[in-house]
Amino acid sequence: EAQVTQNPRYLITVTGKKLTVTCSQNMNHEYMSWYRQDPGLGLRQIYYSMNVEVTDKGDVPEGYKVSRKEKRNFPLILESPSPNQTSLYFCASSFAGIKQYFGPGTRLTVL
Amino acid sequence: GIQVEQSPPDLILQEGANSTLRCNFSDSVNNLQWFHQNPWGQLINLFYIPSGTKQNGRLSATTVATERYSLLYISSSQTTDSGVYFCAVVTQGGSEKLVFGKGTKLTVNP
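Residues numbered from 1 in each chain as written. Chains lettered and ligands numbered in written order. Predicted model: local features only at pLDDT ≥ 70, side-chain atom pairs only at ≥ 80, totals over all residues. Heavy atoms only, no water.

(A) Structural view of the interface of chain A and chain B. Counting from both sides, the interface comprises 19 residues of chain A and, opposite them, 16 residues of chain B. Of the roughly 1500 Å² buried between chain A and chain B on both sides combined, carbon and sulfur atoms contribute 58%. At the boundary of chain A with chain B, the tally comes to one salt bridge. Lys 97 of chain B is the salt-bridge partner of Asp 59 of chain A, the closest N and O atoms lying 3.0 Å from each other. Our enumeration of links across chain A and chain B arrives at six residue pairs in polar contact (both at pLDDT 80 or more). (Contact = heavy atoms within 4.5 Å. Buried area = accessible area lost by both parts, 1.4 Å probe. Salt bridge = Lys/Arg side-chain N within 4 Å of Asp/Glu carboxyl O. Polar contact = N/O pair within 3.5 Å; in protein donor to acceptor, adjacent residues only side chain to side chain.)

(B) Just the sheet that holds strand β1 (residues 4–7) of chain B, in detail. All names here are of chain B. Strand order in the open sheet made by the five strands is β1-β3-β8-β7-β6, with antiparallel pairing throughout. If you trace the sheet from one side to the other, it starts and ends with β1 and β6 (52–56), each paired once. Strand-to-strand twist of the sheet, defined as the mean angle between neighbouring strand axes without regard to direction, takes the value 15 degrees. As paired elements, β1 and strand β3 (residues 19–25) share four bridges and run antiparallel to each other. (Pairing = 2+ DSSP bridges. Helix = DSSP H or I, 4+ residues; strand = E, 2+ residues; numbered from the N terminus. Axes fitted to C-alpha atoms, helices over the stretch in contact; angles between N-to-C directions.)

(C) Focus on the state of the cysteines. Residue and element names in this part refer to chain A. Within this structure, the stated rule accounts for two disulfides over all chains. Disulfide pairing places Cys 23 opposite Cys 91 at an S-S distance of 1.8 Å. Here Cys 23 and Cys 91 share a disulfide; its torsion about the S-S bond, -70 degrees, makes the bridge left-handed. Within this pair, whereas Cys 23 is found in strand β3 (residues 19–25), its partner Cys 91 is found in strand β9 (residues 87–95), the two being separated by 68 residues in sequence. (Disulfide = S-S within 2.5 Å.)

(D) Region of interest: the nonpolar core. Counting residues in each nonpolar core, the largest one holds 23 residues, and the members touching the most others are Trp 34, Leu 72 and Val 89 of chain B. Within the residue set of this core, elements represented by two or more residues are β2 (10–14), β3, β4 (29–37), β5 (43–48), β7 (59–64), β8 (69–74), β9 (83–91) and β11 (104–109) of chain B. Ignoring anything within four residues of it in the chain, the contact list for Leu 72 of chain B reads Ser 19, Thr 20, Leu 21, Trp 34, Leu 46, Phe 47, Ser 60, Ala 61 and Tyr 85 of chain B. If you look at the next biggest cluster of nonpolar residues, it comprises 18 residues, including Cys 23, Val 60, Val 66 and Phe 74 of chain A. (Core = buried A, V, L, I, M, F, W, Y, C linked by side-chain atoms within 4.5 Å. Buried < 20%, exposed > 50% of the residue type's maximum accessible area, 1.4 Å probe, protein only.)

(E) Quick look at the pairing of strand β11 (residues 106–110) of chain A. All names here are of chain A. Covered by surrounding structure in β11 are Thr 106, Leu 108 and Val 110 only, the residues Arg 107 and Thr 109 on the alternate face being uncovered. In this sheet, β11 lies alongside strand β2 (residues 10–13) in parallel orientation, the contact comprising four bridges. Pairing of Leu 11 across the sheet is with Leu 108, part of β11. Bridge count between β9 and β11: three bridges; the pairing is antiparallel. Residue pairing for β11: Leu 88 is matched across the bridge by Arg 107.

(F) Quick look at the side chain of Ser 87 of chain A. Residue and element names in this part refer to chain A. With respect to the element layout, Ser 87 can be found in strand β9. Residue Ser 87 is classed as buried on the basis of its relative accessible area, which comes to 5%. Within the structure, Ser 87 has its side chain in polar contact with the backbone oxygen of Gln 37 (distance 3.0 Å). Sequence-distant contacts of Ser 87, that is, excluding residues within four places in its chain, are made with Arg 36, Gln 37, Asp 38, Thr 106, Arg 107 and Leu 108.

This is the structure in structure tokens:
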């Protein structure tokens, strides 16, 4: 089954404790991206990747890191999480940026 | 950067009614997509439609790129159509950043 998976689905952590949210897709898509969704602000792009070893900043990249060492995986790294990074995070993938497929979301709470 | 405005922000319908959702954007685009976020938070891609018209069952979409707007039509609405509908665009000649509108929240009552 074609899908985008994210782990964990729910995470409660404390300020400053490094964490990684994994994202994996099985559709051989070149394009992958991360979004955060906040009430009243909608969906905002954090980082995107056009292909392996190619990443670029979206609209809200501060406080986040990504890497794209292989085509299927695109982890999101929070080196030192802060409470303002409490949000619902989505990973997505697509062929050449067309028709993006979203993962189920990761609800992150930073205390 | 590009501005994406969706209207109306909220819409309440009775089951069986038809509706039209609008997305206006402030610059030329080479990529426009419509998404549905169901009440459980799942985001589903409905259409990739940078121009022209497409139909999928009770849903159809039209984008008039020269006039910078897109419309999503829902006919014979069902309670399962409830949720938030998002329009998202990528500007021409720039980066591949996908910019979302704030969405239209649709509630279909039985």
